[in-house]
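Chain residues, written in single-letter form:
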Amino acid sequence: VSIDGIDADFSGDYNTLIVYNDDKPGLVARVSGILAEKNINIATLKLHRSQRGGQAVMVIECDRAISEEEIAWIRNQEGINKVTNYCPEV
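Everything in this summary refers to the structure shown in the same document.

Parameters and conventions
- Residues numbered from 1 in each chain as written.
- Predicted model: local features only at pLDDT ≥ 70, side-chain atom pairs only at ≥ 80, totals over all residues.
- Heavy atoms only, no water.
- Helix = DSSP H or I, 4+ residues; strand = E, 2+ residues; numbered from the N terminus.
- Buried < 20%, exposed > 50% of the residue type's maximum accessible area, 1.4 Å probe, protein only.
- Polar contact = N/O pair within 3.5 Å; in protein donor to acceptor, adjacent residues only side chain to side chain.
- Contact = heavy atoms within 4.5 Å.
- Arc of directions from axis to C-beta.

**Some details on the side chain of Thr16**
(1) Moving on: With respect to the helices, strands and loops of the structure, Thr16 is situated in strand E3 (residues 15–22).
(2) Moving on: Look at Thr16 and you get buried, because its relative accessible area is 0%.
(3) Moving on: A polar atom in the side chain of Thr16 sits 3.0 Å from the backbone oxygen of Tyr14.
(4) Moving on: Contacts of Thr16, omitting those with residues within four sequence positions, involve Phe10, Val59, Ile60, Glu61, Thr84, Asn85 and Tyr86.

This is how it looks when you write it as structure tokens:
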């Protein structure tokens, strides 16, 4: 199973962000910092990249739903190319 071409090796039990980004220093810290500012706890975080300095993907499972406004904060960061939000059915 995959989402947007990324193997879905996450549980599906949590609200999950799939963040496509440039492989540059500081982006993981920036995204996790934004989540912390919004009081969103990270349950798991997995990183994937095609090659050093290429494209990367963060798969972040969170303890609560992420609003469109919160996703927009992440989406608007320099180096972020796309954000997909997966919400499990309640």
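**Thoughts on helix H1 (residues 27–37)**
(1) Moving on: Buried within H1 we find Leu27, Val31, Ile34 and Leu35. Looking straight down H1, one finds that the buried residues subtend no more than 100° of arc, so they occupy a single side. Structural note: H1 exposes Ala29, Ala36 and Glu37 on the side pointing more than 90 degrees away from its buried face.
(2) Moving on: Summarising the contacts, the buried residues of H1 are in contact with E3, strand E4 (42–49), strand E5 (55–62), helix H2 (68–75) and strand E6 (80–86).
(3) Moving on: With its phi angle positive at about 60°, Asn39 sits one or two positions after the end of H1.

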